[in-house]
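Inside the fold
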Amino acid sequence: MADRIHGGQCCAIVLAAGEGTRLRPLTLRTPKPLLRVGGITLLDRTLADAAGLGLTGPEEVTVNAHYLTDQVAAAVGDRARLLREPYPLGTAGTVAALADWVAARDAVIFNADAYRAGGSLLELTKPATGRARLLVVRDTERPDFDGRWRFAGASLLPWQLVRRLADTLTPGLTAPGLYEHVWRDAHAAGELELAEYSGVFIDCGTPDDYAAANRHADATA
């Protein structure tokens, strides 16, 4: 059974604006979210994760784009709303720019370069508590938190935090990421929830990791 988001009062934001410079030359003519893992684009995998939560269509899903935007727009089609960024707003800036669209809902935020397989998003989608919640995997080699947890490319941002970003960030200006604006301080204050992902996660940001994701996808096909 697919994991379902709580109460329907939620939307999804897919972050797909990055240039993927570390993956060049693969990304010279193809935006990173349209690279394929196991024959399926990373964007399609991410939209499938959103659909698994019951979030589909332009009313419930927005994809942002900046690099090779027309390719991303064609791939998205009518499956989601498209936010065209004339220059990168940063992850926090993108969320702030979408506050009117989010409109009092909680937002599930996906990185479009994440490969996830074999696990459940159920822990991420438990009823919101007013705190930011991050999907994480155990990784002591490349941890983001507490020396053992690595961010797994998806988070839940309650509406009050989305609204706070919109109130504090200057519209139209590039902002640092959600880490700088939300997660770092929330974690220091003990107000960041970490939800463990039980499957395999690979951040496809480098050639080695992208190759590892393809090997895993091919081995489990």
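This text follows the structure it describes.
1. Quick notes on helix α7 (residues 207-219)
Taking 1.5 Å of rise per residue, the 13 residues of α7 would be expected to cover 18 Å, and the 18 Å separating its terminal C-alpha atoms lies within 8% of that figure. Those residues of α7 not exposed but buried are Asp209, Tyr210, Ala213, Asn214 and Ala217. Along the long axis of α7, the arc covered by the buried residues comes to 140°, so they all point the same way. The exposed set on the far side of α7, more than 90 degrees from its buried face, consists of Asp208, Arg215, Asp218 and Ala219.

2. Observations regarding the pattern of salt bridges
Between side chains of opposite charge, a pair can form when the charged atoms approach closely. Scanning the model with the defined rule gives 11 salt bridges in all. The salt bridge involving Asp44 is made with Arg79; its shortest N-O contact spans 2.8 Å. Here Asp44, found in helix α1 (residues 42-52), pairs with Arg79, found in the loop between α2 (69-76) and β5 (81-84); they are 35 residues apart in sequence, far enough to count as distant.

3. Things to note about the sheet that holds strand β6 (residues 106-111)
Backbone-to-backbone hydrogen bonds join strands into a sheet, with any given pair of strands oriented parallel or antiparallel. Ordered in space as β5-β4-β1-β6-β9-β8-β10, the 7 strands form an open sheet in which the pairing is mixed. The outermost strands of the open sheet, each flanked by one partner alone, are β5 and β10 (192-196). In this sheet, neighbouring strand axes are inclined to one another by 30° on average, regardless of whether the strands run parallel or antiparallel. As paired elements, strand β1 (residues 10-15) and strand β4 (residues 61-65) share 4 bridges and run parallel to each other. In the strand pairing of β4, Ala12 is matched with Val61. Taken strand by strand, α2 contacts β4 and β5, and its axis lies near 170° from that of β5. Running at roughly 105° to strand β9 (residues 149-157), helix α6 (residues 178-188) makes contact with β6, β8 (132-138), β9 and β10 of the sheet.

4. A few points about the nonpolar core
One recurring pattern in soluble globular proteins is that nonpolar side chains are buried together. Counting residues in hydrophobic clusters, the biggest one holds 30 residues, and the most contacted among them are Ile13, Leu157, Leu165, Leu178 and Trp183. Residue assignment for this core shows that the elements contributing at least two residues are β1, α3 (90-97), α4 (99-102), β6, β8, β9, α5 (159-168) and α6. Of all hydrophobic cores here, the second largest spans 29 residues; its members include Cys10, Val14, Val137 and Leu156.

Conventions adopted
Residues numbered from 1 in each chain as written. Predicted model: local features only at pLDDT ≥ 70, side-chain atom pairs only at ≥ 80, totals over all residues. Heavy atoms only, no water. Helix = DSSP H or I, 4+ residues; strand = E, 2+ residues; numbered from the N terminus. Expected span 1.5 Å × (residues − 1). Buried < 20%, exposed > 50% of the residue type's maximum accessible area, 1.4 Å probe, protein only. Arc of directions from axis to C-beta. Salt bridge = Lys/Arg side-chain N within 4 Å of Asp/Glu carboxyl O. Pairing = 2+ DSSP bridges. Axes fitted to C-alpha atoms, helices over the stretch in contact; angles between N-to-C directions. Contact = heavy atoms within 4.5 Å. Core = buried A, V, L, I, M, F, W, Y, C linked by side-chain atoms within 4.5 Å.

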